[in-house]
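# Architecture and fold: a report
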Amino acid sequence: MHLYWKRNLVILWIGVLFCSMAYSVSIPFLPIFLNTEMGVNDHLELWSGIAFGVTFLASALIAPFWGSLADKYGRKPMLIRSGFSLAVLYLICALVTDPYVFVGVRLFQGLLSGFIPAAIALVGTGSPEEKTGYALGIMATAGATGSIIGPLIGGVVSHYYGNRNAFFFSAALVLVSALIATFGAREDSFKGTSTRSHVRDDIKEAIANRPLCFLLILAGLSTFSVMILEPLITVYVLEMGVDRSRASLSSGIVFSAVGIAAVLMAPRWGRIGGRTGFAHVLLIGLIGSGIGNILQFFITNFVGFGALRFGYGLFYASVMPAINAMTVEVTKSEFRGRAFSLSQSATQLATMAGPLIGGMLGSWMPIRWIFVLNGGILLLAALLLGVKGKNVFPVSARKNVTDQDIHSAG
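The paragraphs below set out a description of the structure included in this document.

Thresholds applied
- Residues numbered from 1 in each chain as written.
- Predicted model: local features only at pLDDT ≥ 70, side-chain atom pairs only at ≥ 80, totals over all residues.
- Heavy atoms only, no water.
- Helix = DSSP H or I, 4+ residues; strand = E, 2+ residues; numbered from the N terminus.
- Expected span 1.5 Å × (residues − 1).
- Buried < 20%, exposed > 50% of the residue type's maximum accessible area, 1.4 Å probe, protein only.
- Arc of directions from axis to C-beta.
- Polar contact = N/O pair within 3.5 Å; in protein donor to acceptor, adjacent residues only side chain to side chain.
- Phe/Tyr/Trp six-rings, centres within 6.5 Å; stacked < 30°, edge-to-face > 60°.
- Lys NZ or Arg CZ within 6 Å of the ring centre and 35° of its normal.
- 1 Å grid on protein atoms, 1.4 Å probe; cavity = no way out; pocket = protein on both sides within 12 Å on 5 of 7 lines; lining within 4 Å.
- Points joined across faces, edges and corners; volume = space filled by probe spheres on them.
- Nonpolar A, V, L, I, M, F, W, Y, C, P; charged D, E, K, R; others polar.
- Contact = heavy atoms within 4.5 Å.
- Patch = residues over 30% accessible without salt bridge, like charges linked within 9 Å, V, L, I, M, F, W, Y side chains within 5 Å.
- Areas by Shrake-Rupley, 256 points an atom, 1.4 Å probe, with all protein chains shown as cover.
- Salt bridge = Lys/Arg side-chain N within 4 Å of Asp/Glu carboxyl O.

### Things to note about helix α5 (residues 99-111)
In a regular helix each residue adds 1.5 Å, so 13 residues correspond to 18 Å; α5 covers 19 Å between its end C-alpha atoms and thus fits that length. Along α5, the residues that are buried comprise Pro99, Phe102, Val103, Val105, Arg106, Gln109 and Gly110. The arc enclosing the buried residues of α5, seen along the axis, measures out at 160 degrees, which places them on a common side. For α5, the capping residue at the N-terminal end is aspartate 98, with a side-chain oxygen 2.8 Å from the backbone nitrogen of tyrosine 100.

### Focus: the packing of aromatic side chains
Counted by the stated rule, this structure contains 13 aromatic pairs. Their ring planes at 85 degrees and their centres at 5.0 Å tell us that tryptophan 47 and tyrosine 100 sit as a pair that is edge-to-face. Of this pair, tryptophan 47 sits in helix α3 (residues 44-73) while tyrosine 100 is found in helix α5, placing the two residues 53 residues apart along the sequence. For tryptophan 47, a relative accessible area of 17% gives the class buried. By relative accessible area, tyrosine 100 is classed as exposed at 63%. In this structure, arginine 81 packs its charged tip against the face of tryptophan 66, placed 3.6 Å from the ring centre.

### A few points about empty space enclosed by the protein
For the coordinates displayed, the defined rule picks out three cavities of 30 Å³ or more. Within this model, the largest cavity holds a volume of roughly 100 Å³. Around the largest cavity, the lining comprises 16 residues; the ones closest to its centre are Trp66, Gly114, Pro117, Ala118 and Ser341. Split by residue class, the lining of the largest cavity holds eight nonpolar, six polar and two charged. A volume near 40 Å³ is recorded for the second largest cavity. Together, Gly133, Trp269, Gly270, Phe278, Val281, Ser318, Pro321, Ala322 and Ala325 line the second largest cavity.

### Details of the environment of phenylalanine 52
Locating phenylalanine 52 in the fold gives a position in helix α3. With relative accessibility at 23%, the residue phenylalanine 52 sits in the partly exposed group. In sequence terms phenylalanine 52 and leucine 30 are 22 residues apart; their C-alpha atoms lie 7.8 Å from each other. When neighbours within four sequence positions are excluded, phenylalanine 52 is seen to be in contact with Tyr23, Ile27, Leu30, Arg106 and Thr351.

### Here's the deal with a nonpolar patch on the surface
Together, Phe84, Leu175, Leu179 and Phe183 make up a nonpolar patch on the protein surface, roughly 380 Å² of accessible area in all. With three residues, the top contributor of residues to the nonpolar patch is helix α8 (residues 163-184). Structurally, the position occupied by phenylalanine 84 is in helix α4 (residues 75-95). Overall, phenylalanine 84 belongs to the partly exposed group, its relative accessible area being 31%.

### Describing the pattern of salt bridges
For the coordinates displayed, the defined rule picks out one salt bridge. Close ionic contact of arginine 164 with glutamate 37 constitutes a salt bridge, the shortest N to O distance being 3.2 Å. Taken together, the positions of arginine 164 in helix α8 and glutamate 37 in helix α2 (residues 30-38) put the pair 127 residues apart, joining distant regions of the chain.

Any link to function would need more than the numbers given here.
See below:
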């Protein structure tokens, strides 16, 4: 399988890029779609929240099941299943006219998702050990690039051709992902488990694996740290005095700054992790992004805020690739599909809970204090990693996570 790792990396990078673009082309415009195309006027915020959140809730609940199938039948079948299913469901989204049916379709999108975690698992398992961090760092840039390009394309398509056509465009993008995964990705040496495991047994096995449990917590926590700010950035930009007519553009620039930083730094963090240990890289990323969040408390102008978000992104770019690489190192090959699916469950739950809690906090406390709270949580995670890392992770994953590392990272 290692003979094809570079080919798989290129092909699945493109697949994840298009899959990420498909999401960000249409989903950010859900409120407009519900309002203009389905006539939802009353409780639009509630309808939008349900349509957004139901997908992540369903995905979080079903991901362990798909992970068990991946470990029995392979990761490539999961790519094919999710890719073609999502293409059909995006197409249906473009055709429905009833908001209840639309929410139902969004539910099925969550139940049948899994392209990106399956791609990450295939790349992480199929790459040579010394190249795993680099490969997963490269994969992280695919999602970041898609999240930068997608809203721009979606805005153009929605403006000139209508919101329904944005969903048609998303369907076409996911179809491309499914086709290139079907005919391009290889998984020749896969040896599946003899029987499909039960989700309850998988959770018990994950709980018994202390390093994996720790990583699942960090994956959820780091995703939560991003998503808790999702509904607040635009409001915070307005509070800085940016004109309302330029608020969407200015907020888009701020969001894109983090993605651009990830594209630039994720592969470099992967190489560093391969040399010094991924726990070392994860520690630096948590400390750097934690401090970066706290510093945003002191900035009251848009330019400085955008620059700090970019700096925060340079450090945060190391977090998920390091967690994914360490997941490969602390799990057996026959359990990795389930491990990545459990990680997906953790991140999807955080994706659902983050905006909800962020919106609640933003309604009764100044937004700038949420940056401090967020940064403190990340620094606490770094402290736990620095203190407990030597006892939790094997030497191959942590190399030298010591007090000296904490000092040098700070």
